[in-house]
Amino acid sequence: MLHLEKSLAAFEEAKNLMPGGVNSPVRSYANVDCNPPFIARAKGDRIYDIDGNEYIDYVGSWGPMVVGHAHPRVVKALQEAVSRGTSYGAPTLIESALAKKVMEIYPSIEILRMVNSGTEATMSALRLARGYTGRDKIVKFIGCYHGHSDSLLVNAGSGMATFGVPSSPGVTKGTAQDTISVPYNDFDAITKVMDEMGDAIAAVIVEPIAGNMGCVLPKQGYLRLLRKLTEQHGTLLIFDEVMCGFRASLGGAQAAYGITPDLTCLGKIIGGGMPVAAYGGRRDIMMKVSPAGPVYQAGTLSGNPLAMTAGLETLNILTEERAEDGADYSRMLTLKTKKLLLGWQAKAREAGVSIQAHQAGSMFGIFFHEGEVYDYDDACASDQEAFKVWFKAMLEQGIYLAPSQFETLFMSGAHSDEDIDRTIEAAGKAFQAVAASRR
């Protein structure tokens, strides 16, 4: 039996200090009807809560801990960097070093700007797209999340396209009216919107591999269609690879699917666990950003030396280290993830529970669903009650997962074969619990 007495007391105190007791909503565990463990420390693929419980972690701080928590090389680099000061608000060599490294891996990025969060990256990329094209409207996809900036918090129904309905109090109708929401993976919907309004649309922004309605992959040819339609209308194509960057493959979804976007948003891994993101792309577009051009964007902590250090060392590990069989880091992570999901699928079949398992490199997730999951409506049709039972059973066994079926899980280089085997066995018991709950 998992004991969380200290965590419960800490959560009750936190509720008086922060909205809902957390600084980001999903951490509250509201979706799974239980209280969150409060984390004290982490190392490798393990996290430890204040009650002394140990977990195998597949959240990885929501993606950035691709080399594991507190990797010795990252820790050493940070210790050396912090001794030189924590922030300058001035140019440094480490900013250029990280920019060069990112550009080596992402050839579509000719110029980039460092920022502090994925929200800031997508918000800035859309402002740049509007400034570059002189157009106001943007297209986003239902179920794809691009941060909490006003123009992207738009409610979307299940029709062909939904216009300008704010989904959060505080977002004005005027802000939202230029945002068009289209179902993800719907070829006809995006074609119709672009045929009718393409010449007025500044940008189409998409998670090329969706990670915020669970892990949902693009249908074959879908991303190529987006590239074709945007080119036809002079619309910029923005890939939000904050989540799938360096995970779908080393070069992200754009390398995995062979698509070159005009702008790319990155985050998570390029900070190595520190708050870093970036947006970049074609030189002619990026040179419109201040001070080179008229589109304003700034940040005191952008390019923070500690964050740049952690990101650069993490990318160095990804590109330098290899497994015993010679496989590169990205390939190694993909094989680990495949092994885990094959094990989960086998255990689900043994328990008589239907699941859909999705993988994009080292991103993965499951849906308690009979049929395929291609969009937000499919994800919503999955059995949320089954997920709650499964999640709680996994947590009891020391397996730390995202507390929502609409979140993506992540593999790290620190996960051993033994850890994966243990996780598969735990999943078998959790699937049996789901089956028992349905009787």
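Residues numbered from 1 in each chain as written. Predicted model: local features only at pLDDT ≥ 70, side-chain atom pairs only at ≥ 80, totals over all residues. Heavy atoms only, no water.

Caption draft 1: Structural detail: the pattern of salt bridges. Per the stated rule, a full pass over the model turns up 20 salt bridges. Residue Glu425 is joined to Lys347 by a salt bridge in which the shortest nitrogen-to-oxygen separation is 3.4 Å. With Glu425 in helix α14 (residues 417–437) and Lys347 in helix α11 (residues 329–351), this residue pair connects regions lying 78 residues apart in the sequence. You can call Lys347 buried: its relative accessible area is 17%. Here the salt bridges do not stand alone but share partners, grouping Arg227, Glu231, Asp262, Arg282 and Asp284 into one network. (Salt bridge = Lys/Arg side-chain N within 4 Å of Asp/Glu carboxyl O. Helix = DSSP H or I, 4+ residues; strand = E, 2+ residues; numbered from the N terminus. Buried < 20%, exposed > 50% of the residue type's maximum accessible area, 1.4 Å probe, protein only.)

Caption draft 2: Region of interest: the state of the cysteines. Under the criterion given, the structure shown has zero disulfides. Cys244 provides the cysteine sulfur closest to Cys144, a residue in no disulfide bond, and the two sulfurs are 9.7 Å apart. With a relative accessible area of 5%, Cys144 lands in the buried category. Here Cys380 is not disulfide-linked; the sulfur of Cys144 is the nearest cysteine sulfur, at 13 Å. (Disulfide = S-S within 2.5 Å.)

Caption draft 3: Focus on the side chain of Thr337. Structurally, the position occupied by Thr337 is in helix α11. Setting aside its immediate chain neighbours within four residues, Thr337 contacts Gln359, Gly361, Ser362, Met363, Phe364 and Met411. (Contact = heavy atoms within 4.5 Å.)

Shape is all these values report; function is a separate question.
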